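A structural walkthrough
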Amino acid sequence: MSDSIRRTSVGDFPISQTVTVPASASLIFVSGTLPDLADSNVPGVYGNTEVQTVSVFNKLRTVLRQQDLDLGDIVQLRVFLVGAEETGGKLDFAGLQRGYTQFFGTPQQPNKPARTALQVVALPLPGALVEIEAIAARTA
């Protein structure tokens, strides 16, 4: 077996259908991450789903860099979305995708993790629409 991570794509969709991690890799589990305020001068305002998604991925990048990893090392994501007003109370999948595709499947960072997106009733941070947990892999 190869010592590299193998990813099976889903056409043009920016996720991997499967991700195979070699036995020699170390897995790093990152707890659910919530967004920062969109405007530090306005308490409780986190922005729309896209803004919050970008905020969360920037925070995840910081956490991973503390482990000498980056977003390209993520092999699996679980995304929790609260229904948004602009989508009639349904999860804003388009907003998630607009934020997500700034970080994954790009020329600068072509790796795409396996991913699940779920709608939830609420998150522990009032006003938050997005929480993301991640699993990253460190290969030798």
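Here the structure is a predicted model, which is why all the values come from computation and not from measurement.

Further remarks concern the pattern of salt bridges. Under the defined criterion, the tally for this structure stands at five salt bridges. For Arg-98, the salt bridge goes to Glu-50, with nearest N and O atoms at 2.9 Å. Of the two residues, Arg-98 sits in helix 2 (residues 93–100) while Glu-50 sits in helix 1 (residues 49–65), which places them 48 residues apart along the sequence. Among the residues examined, Arg-98 registers a relative accessible area of 41% and is labelled partly exposed. A salt bridge links Asp-70 to Arg-65; its shortest N-O distance comes to 3.3 Å. Classification of Asp-70 by relative accessible area gives partly exposed; the value is 27%. Overall, Arg-65 belongs to the partly exposed group, its relative accessible area being 48%. Three or more residues joined by partner-sharing salt bridges are found here, namely Arg-61, Arg-65 and Asp-70.

Right, let's get into unusual backbone geometry. The backbone phi angle of Asp-68 is positive, close to 60°, even though this residue is not glycine. Inspection of the secondary structure assignment puts Asp-68 in the loop between helix 1 and strand 4 (74–82). On the accessibility criterion, Asp-68 (70% relative accessible area) is exposed.

The relation between two aromatic rings is expressed through the spacing of the ring centres and the mutual angle of the planes. Going through the model one piece at a time under the given rule, you end up with five aromatic pairs. Relative to Phe-93, the ring of Phe-13 has its centre 6.4 Å away and its plane inclined at 0°; by these criteria the two rings are stacked. Here the residue Phe-13 occupies a position in strand 2 (residues 13–20), and Phe-93 occupies one in helix 2, the gap between them amounting to 80 residues. For the pair Phe-57 and Phe-104, a centre-to-centre distance of 5.2 Å together with 70° between the ring planes defines the contact as edge-to-face. Highlighted residues: Phe-57 in helix 1 and Phe-104 in the loop between helix 2 and strand 5 (114–120), separated in sequence by 47 residues.

Structurally, Ser-55 is set in helix 1. Among the residues examined, Ser-55 registers a relative accessible area of 15% and is labelled buried. Not counting the four nearest positions on each side in its chain, Ser-55 is found in contact with Pro-35 and Asp-36.

On to the nonpolar core. Phe-57, Leu-60, Ile-74, Leu-77, Phe-104 and Ile-132 are the most contacted members of the largest nonpolar core, which has 28 residues in total. Every element with two or more residues in this core is listed here: strand 3 (26–33), helix 1, strand 4, helix 2 and strand 6 (130–138). Residue contributions to this core peak at six residues, all from strand 4. If sequence neighbours within four positions are ignored, Leu-77 has contacts with Phe-57, Tyr-100, Phe-104, Pro-113, Ala-114, Arg-115, Thr-116, Ile-132, Glu-133 and Ala-134.

What counts and what doesn't
Residues numbered from 1 in each chain as written. Predicted model: local features only at pLDDT ≥ 70, side-chain atom pairs only at ≥ 80, totals over all residues. Heavy atoms only, no water. Salt bridge = Lys/Arg side-chain N within 4 Å of Asp/Glu carboxyl O. Helix = DSSP H or I, 4+ residues; strand = E, 2+ residues; numbered from the N terminus. Buried < 20%, exposed > 50% of the residue type's maximum accessible area, 1.4 Å probe, protein only. Phe/Tyr/Trp six-rings, centres within 6.5 Å; stacked < 30°, edge-to-face > 60°. Contact = heavy atoms within 4.5 Å. Core = buried A, V, L, I, M, F, W, Y, C linked by side-chain atoms within 4.5 Å.

Everything listed is a geometric property; what it means functionally is a separate question.
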